[in-house]
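Single-letter residue listing:
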Amino acid sequence: MRILAINVGSSSVKCSFFEALDQITERWQAQGSVSSPEALKDALPGLLGPLWGMAGSPHDLDAVAHRIVHGGIAYRETTWLTPEVRDAIAAQAEFAPSHNRLELAAIEAMDRLLSDQKDRQIAVFDTAFHATIAPEAYVYPGPYEWFEQGIRRFGFHGISHAHAARRAAELLGKPLESLRLITCHLGNGCSLAAIRGGKSVDTTMGFTPADGLMMGTRCGSLDPGIPVYLLRHSASFIKDDRADDLDRVFNRESGLKGISGISGDMREILAAIETGNARAKLAFDMYAHRLCREVGAMLVALGGLDAIVFTGGVGENCAPLRERVLEQLGFLGSVRALVVKAEEEQQMARECCRLLSNHPELLRKGL
């Protein structure tokens, strides 16, 4: 199988080409920056240009996998990108505005390259991995009508959590089905997952990717009275378009950036701490405190722990943060901690292989 995985984030795009026979092997990789949906449509063909010298042409691909952040209630597993699925992704863009619109742009760019074989595209949903969470964990304690309107915990970073859990089982030399794991995806966006027997039983992100942990520029969980107060009293933050202003403050002006006043990049926070910057230290301490608190919640949800797994740019590279978490877990005795490289594209290729294995007649023969 020959698979192209396209992973669009809020500010970057990463493309990986895989060949799968006895195992999935990455043959080529490229990445670029993202500024807008239209810019992505224009840039993607050029980014992929060098690939065709190795892979032949777009028509020689068995599948193109797209990471889709939000699939809503209707789409909780990997699926072909039919017109109905595309419409659903567009409908969910309001709840993941930094991602879904860009991902649709990547799909449309590949439509042009694939022409009459555009149906070879597959959606791999970040929300799918958390479809196993029970109602008591995904229903919010507001009026039940909220739930009837589709307001519930979805969870995100599912592709990353699934990969981290699978790789952890390999490193531990144990069946994934036998393990209780806390996976920590820590990057610009951050979330935890409690994974028992390979299935997600709880997670920190909720209805949108703004919930849960303190992040690079996102606030994470807040007292619901805060937005009410801001709407009533804070002219400095809330001006003409109240919904857009709240979205801006909570998603782009909070977290590490909001507290430090410097950046949402953990590397810059650590550098500022070295110079004695008190706000940078406060930002790090708050980030670590919220992380440790939510790790505790995941621990209780699991009822025990075989290993804690760190992945993502911050999870992989910020040793002081990992040390802080393990210190707080010291009361458990010896806690096994693993660092796993984030490889969402490989997990996406794995999902494609699973889907295509059920439909061998589709391999490079047209749909």
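Above: the structure in question.
Not measured: the values here are computed from a predicted model. (Residues numbered from 1 in each chain as written. Predicted model: local features only at pLDDT ≥ 70, side-chain atom pairs only at ≥ 80, totals over all residues. Heavy atoms only, no water.)

Peer 1: Please set out the environment of Ala134 residue by residue, giving values where relevant.
Peer 2: Inspection of the secondary structure puts Ala134 in the loop between strand S6 (121-125) and helix H5 (135-138). Judged by its relative accessible area of 27%, Ala134 is partly exposed. With 67 residues separating them in the primary sequence, Ala134 and Val201 have C-alpha atoms 6.9 Å apart. (Helix = DSSP H or I, 4+ residues; strand = E, 2+ residues; numbered from the N terminus. Buried < 20%, exposed > 50% of the residue type's maximum accessible area, 1.4 Å probe, protein only.)

Peer 1: Summarise the layout of surface pockets; cite the residues concerned and give the values.
Peer 2: As a volume, the largest pocket reaches approximately 1,500 Å³. As for the largest pocket, its lining consists of 34 residues, of which Phe207, Thr208, Ala210, Asp211 and Phe250 are closest to the centre. Here the lining of the largest pocket takes seven residues from helix H9 (residues 242-252), the largest share from any one element. In terms of residue class, the lining of the largest pocket is made up of 16 nonpolar, nine polar and nine charged. (1 Å grid on protein atoms, 1.4 Å probe; cavity = no way out; pocket = protein on both sides within 12 Å on 5 of 7 lines; lining within 4 Å. Points joined across faces, edges and corners; volume = space filled by probe spheres on them. Nonpolar A, V, L, I, M, F, W, Y, C, P; charged D, E, K, R; others polar.)

Peer 1: Could you give an account of helix H14 (residues 319-328), with specific residues and numbers?
Peer 2: By the burial criterion, the buried members of H14 are Leu321, Arg322 and Val325. Relative to the axis of H14, the buried residues are bounded by an arc of 100° and lie together on one face. Those residues of H14 that are exposed and aimed more than 90 degrees away from the buried face are Glu323 and Glu327. (Arc of directions from axis to C-beta.)

Peer 1: Run through helix H4 (residues 100-114), naming residues and quoting values.
Peer 2: Three- or four-residue spacings in an α-helix give side chains the same orientation, since the helix completes a turn every 3.6 residues. With 15 residues, H4 extends 21 Å from end C-alpha to end C-alpha; this agrees with the ideal 21 Å at 1.5 Å per step. In terms of burial, H4 is a largely internal element, 11 of the 15 residues being buried. Where H4 is concerned, the buried positions are Asn100, Leu102, Glu103, Leu104, Ala105, Ala106, Ile107, Ala109, Met110, Asp111 and Leu114. Check the buried side of H4 and you find it contacts strand S1 (2-8), helix H1 (37-48), strand S4 (63-68), helix H3 (83-91) and S6. Within two residues after H4, Ser115 carries a phi angle of roughly 45°, on the positive side. (Expected span 1.5 Å × (residues − 1). Contact = heavy atoms within 4.5 Å.)

Peer 1: Tell me about the sheet that holds strand S7 (residues 180-186), and name the residues and values.
Peer 2: The mixed open sheet is built from five strands, whose spatial order is S9-S8-S7-S10-S11. Strands with a single pairing partner mark the edges of an open sheet, and in this sheet they are strand S9 (199-203) and strand S11 (337-339). Each neighbouring strand pair of the sheet contributes to a mean axis angle of 25°, computed without reference to strand direction. The sheet contact formed by S7 and strand S10 (residues 307-311) spans five bridges and is parallel. Each bridged residue has a counterpart across the sheet, and for Leu181 the counterpart in S10 is Ala307. Its contacts with the sheet place H14 against S7, S10 and S11, and it is angled at close to 160° to S10. (Pairing = 2+ DSSP bridges. Axes fitted to C-alpha atoms, helices over the stretch in contact; angles between N-to-C directions.)

Peer 1: Residues and numbers for the packing of aromatic side chains, please.
Peer 2: Counted according to the given criterion, the structure contains four aromatic pairs. Ring geometry for Tyr75 against Phe125: centres 6.1 Å apart, planes inclined by 20°, an arrangement best described as stacked. Of this pair, Tyr75 sits in the loop between S4 and strand S5 (79-80) while Phe125 sits in strand S6, placing them 50 residues apart in sequence. Members of the aromatic cluster, each reached through a chain of ring pairs, are Tyr138, Tyr144 and Phe147. Residue placement shows Arg152 over the ring face of Tyr138; its charged tip is 3.6 Å from the ring centre. (Phe/Tyr/Trp six-rings, centres within 6.5 Å; stacked < 30°, edge-to-face > 60°. Lys NZ or Arg CZ within 6 Å of the ring centre and 35° of its normal.)

Peer 1: If you had to explain the nonpolar core to someone new, which residues and values would you point to?
Peer 2: Ranked by internal contacts, the top residues of the largest apolar core, which has 38 residues, are Leu186, Tyr287, Ile308 and Leu321. Among the secondary structure elements, those contributing two or more residues to this core are S7, strand S8 (190-196), helix H11 (266-274), helix H12 (278-302), S10 and H14. Here this core gets 11 residues from one element, more than from any other, and that element is H12. The next biggest cluster of nonpolar side chains, apart from the first, holds 23 residues, and it includes Leu4, Ile6, Phe17 and Leu114. (Core = buried A, V, L, I, M, F, W, Y, C linked by side-chain atoms within 4.5 Å.)

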